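Here is what each chain is made of, one letter per residue.
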Amino acid sequence: MSAETPEQIFETLVYPYLNHAVRMFEVGYATATDIDHGMRFGCGYPKGPLTVLDEIGPAVVLDALAKRFTETGDHLHQPADLLVKIAGEGGSFTQGSAEGEAAPELKHEISKVGVVGTGTMASGIAQVFAQAGYDVVVVGRSEEKLAGVTAYVGKNLDRAIAKGKSTEDDKAAVLGRLTGATSREDLADVDLVVEAIAEDLDIKLELFRDLDRIAKQGAILATTTSSLPITQLGAATSRPADVIGMHFFNPAPVMKLVEIVTTDATSAQVNETVKALTAKVGKVGVSCSDRAGFIVNALLFPYLNDAIKLSEDGVELGTIDAAIKETAGFPMGPFELLDVVGNDVSLAIQEELLAEFKEPGLEPAATLKEKVAAGELGRKTKKGFHDYS
Ligand code: CAA
């Protein structure tokens, strides 16, 4: 299908994403509210996919997808059974979906937080907790890397001061709550550890075995992995009931979402405490179980991958980016976002999704693989889909 006008680009890229959201909802992986909150607060979309679907009209989306499916034969374009049903009934996905759940409570006292890692995510997460008033110990591999965390937080706070949203006193207080450590032993007295180290299972397993030895009894051990099995991280410890996922989004100080990922072993108390804590630090929590991509990445990355495939069909990157911002109101076009996330990270996530869902349509786009092989990873290498040199 040729897609050249903004409206055609919207249909080509956004309708399958809406269909994925319906499939996620129909298998009961997440509630309609959490699916919508995920995309609004994780990616800054103006509305969640199920709300968008209701607004466009389930029957309109169904017709367009059905037509596309006859052209492509791609199961990802085949309208979800629930979409067919709701469209047939003239029903809605979101009506009556607001849940009246009681506000979660902190079941563990949390006053000191440990963050393991010194990259962008770790730095942003440390900032979130320090700004919310928690003492934070950041564990890194060198003094130099720890200085990078302080510099990152300082720069963000300077930007807020320049905009009149913070003060030098606030900055001093936030930085004063951050301490750095090069030894993991300094995590012995923290109430919660959030790890944001390399996205590599062996490296994380080694860390969790060590955290099991070091952390005090009752400490919550959280991972911000976006693609590795949290169940396996829990099983590397003698206390899988205390292990949970807290998946933050990039940039962590700005994006309001935390996906709270429980395994079969995570205790209800740990889950409730993490939900309450997420709200306390000013974030919106959504709940899901331990499955590749969780809510947001499982919906976001197939759409990004489809955008690359569309560019391979000859549509200009800039045309696609502009069309999506104009028609969908997303804050970044797909190629701008790929360059922020990193093509290496995006390829790894796409491969995880293909392995989990085994849909041929999830096969990573050839250009994504080529970019990674060429070291064109995005903003961090000054060249990705766009050029930043
Ligand atoms: N670190 C800290 N703060 C930042 C920042 C950064 N890197 N970039 C921007 N900000 C702050 C700004 O200071 C500003 O703060 P105030 O509103 O308090 O003044 C605010 O964010 C908005 O910034 P700007 O006005 O400069 O820029 P913008 O309007 O273009 O917004 C954006 C920037 C918030 C990043 C916006 O483009 C956006 O929402 N993009 C979508 C990002 C997204 O989809 N993230 C998810 C990626 S997927 C993921 O993370 C999961 C995974 O596992 C890979």
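Residues numbered from 1 in each chain as written. Predicted model: local features only at pLDDT ≥ 70, side-chain atom pairs only at ≥ 80, totals over all residues. Heavy atoms only, no water.

K.L.:
Looking at this model, I keep getting lost on the layout of surface pockets. Mind explaining?
P.N.:
Sizing a probe to match a water molecule and rolling it over the atoms shows the empty space that remains. When its volume is computed, the largest pocket comes out at roughly 1400 Å³. Lining the largest pocket are 46 residues, and of these T120, M121, N250, V341 and V345 sit closest to its centre. Contributing elements (two or more residues each) for the lining of the largest pocket: α2 (32-43), α6 (120-131), α9 (201-214), β6 (243-248), α12 (296-312), α14 (334-341) and α15 (343-357). A domain-level breakdown of the lining of the largest pocket finds at least three residues from each of domain 1 (6-94 + 295-381) and domain 2 (112-217 + 228-289). In terms of lining, the second largest pocket is formed by 23 residues, of which the most central are Q127, N156, R159, P253 and V254. No other element matches helix α7 (residues 143-162), which puts 7 residues into the lining of the second largest pocket. By residue class, the composition of the lining of the second largest pocket is 11 nonpolar, 5 polar and 7 charged. (1 Å grid on protein atoms, 1.4 Å probe; cavity = no way out; pocket = protein on both sides within 12 Å on 5 of 7 lines; lining within 4 Å. Points joined across faces, edges and corners; volume = space filled by probe spheres on them. Helix = DSSP H or I, 4+ residues; strand = E, 2+ residues; numbered from the N terminus. Domains from an automatic or database assignment. Nonpolar A, V, L, I, M, F, W, Y, C, P; charged D, E, K, R; others polar.)

K.L.:
I tried to follow α2 on my own but got confused; where do I start?
P.N.:
Counting along an α-helix, one turn takes 3.6 residues, and residues three or four places apart therefore face a common direction. Relative to the 16 Å expected for 12 residues at 1.5 Å per residue, α2 spans 17 Å between its end C-alpha atoms, a close match to the ideal helical length. If you check which residues of α2 are buried, you get A32, T33, D34, I35, D36, G38, M39, F41, G42 and C43. Packed against the buried residues of α2 are α1 (6-26), α3 (49-56), β7 (257-262), β8 (284-289) and α12. Trailing α2 by a residue or two, G44 shows a phi angle of about 70°, which is positive. (Expected span 1.5 Å × (residues − 1). Buried < 20%, exposed > 50% of the residue type's maximum accessible area, 1.4 Å probe, protein only. Contact = heavy atoms within 4.5 Å.)

K.L.:
Just to check I follow, could you spell out the site of the ligand for this structure?
P.N.:
Residues in close proximity to the ligand total 21 residues, the closest being R159, K163, K165, H247 and N250. A distance of 3.5 Å separates an oxygen atom of the ligand from a polar side-chain atom of S226. N297 places a side-chain nitrogen or oxygen 3.1 Å from an oxygen atom of the ligand. Its free accessible area being 1100 Å², the ligand has 66% of it covered by the protein chains. Taken together, the elements giving at least two residues each to the shell around the ligand come down to α2, α7, α12 and α14. The element contributing the most residues to the shell around the ligand is α7, with 3 residues. Broken down by class, the residue content of the shell around the ligand amounts to 12 nonpolar, 6 polar and 3 charged. Taken together, domain 1 (6-94 + 295-381) and domain 2 (112-217 + 228-289) each give at least three residues to the shell around the ligand, which thus spans both. (Near = heavy atom within 4 Å. Polar contact = N/O pair within 3.5 Å; in protein donor to acceptor, adjacent residues only side chain to side chain. Areas by Shrake-Rupley, 256 points an atom, 1.4 Å probe, with all protein chains shown as cover.)

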